[in-house]
Amino acid sequence: QLGDEFADSSVNVISVDCTIEESVCSKFGVRGYPTVKYFTDETGDEGEDYQGGRNFEDLKQFTTETLAVKCLVTDTSGCSEKEVAYIEKMQGKGADEVAKQLARLEGMKASSMKPELKQWLKQRLNILKQL
């Protein structure tokens, strides 16, 4: 449910079955189930254990407030340098080109790709939807 809620956002929600993916769970120190971990630039590659409530509303609030990237075309203070450059590039294009890029990226959403590429895809979609 959380994955569906944030499907078009900057957040990737991934479920791992530790009875099958033992090496992944061992790598990240998962010993009890269920364990919820989150990863940001601040947590590094090891991530951190989520300690909040486990109902949908608590998880949604934490994700929105802590994990969702808030890059706005009208206020780029929450944007990365890469996002700002993309905003500037796309603002210089016409509405037809923006619509064309939006359609192209929407078509790529279901494709298999590395997490960092999926993240950049979501960031570009977020920007294009604001233009």
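Just above, that's the structure.
Residues numbered from 1 in each chain as written. Predicted model: local features only at pLDDT ≥ 70, side-chain atom pairs only at ≥ 80, totals over all residues. Heavy atoms only, no water.

Chemist: What exactly am I supposed to notice about the overall build of the protein chain here?
Modeler: Assigned secondary structure in the protein chain consists of six helices and two strands. From first element to last, N terminus to C terminus, the protein chain shows the α and β order α-α-β-β-α-α-α-α. Expressed as lengths along the three principal axes of its C-alpha atoms, the size of the protein chain is roughly 50 × 30 × 25 Å. Residues counted as buried form 27% of the 131 residues belonging to the protein chain. A separation threshold of at least 6 residues defines the contact pool for the protein chain, and within that pool the share at least 24 residues apart is 45%. (Helix = DSSP H or I, 4+ residues; strand = E, 2+ residues; numbered from the N terminus. Buried < 20%, exposed > 50% of the residue type's maximum accessible area, 1.4 Å probe, protein only. Contact = heavy atoms within 4.5 Å.)

Chemist: What should I look at first to understand the pattern of salt bridges in this one?
Modeler: When their charged atoms lie close together, side chains carrying opposite charge are able to pair. In total, this model carries four salt bridges according to the counting rule given. Note that Glu-5 and Lys-60 form a salt bridge whose closest N and O atoms lie 3.4 Å from each other. One end of the pair, Glu-5, is in helix α1 (residues 2–5); the other, Lys-60, is in helix α3 (residues 56–67), and 55 residues separate them in sequence. Given the relative accessible area of 41%, Glu-5 is considered partly exposed. (Salt bridge = Lys/Arg side-chain N within 4 Å of Asp/Glu carboxyl O.)

Chemist: Can you help me understand the layout of surface pockets in this one?
Modeler: Where empty space is left in the structure can be found by rolling a water-sized probe over the atoms. Empty space within the largest pocket amounts to approximately 1800 Å³. Taken together, 44 residues form the lining of the largest pocket, with Asn-12, Ile-14, Lys-37, Tyr-38 and Phe-39 sitting closest to its centre. When residues of the lining of the largest pocket are traced back to their parent elements, those giving at least two are α2 (22–27), β1 (37–38), α3 and α6 (115–130). Here the element with the most residues in the lining of the largest pocket is α3; it accounts for six residues. In this structure, the second largest pocket occupies an estimated 230 Å³ of space. (1 Å grid on protein atoms, 1.4 Å probe; cavity = no way out; pocket = protein on both sides within 12 Å on 5 of 7 lines; lining within 4 Å. Points joined across faces, edges and corners; volume = space filled by probe spheres on them.)

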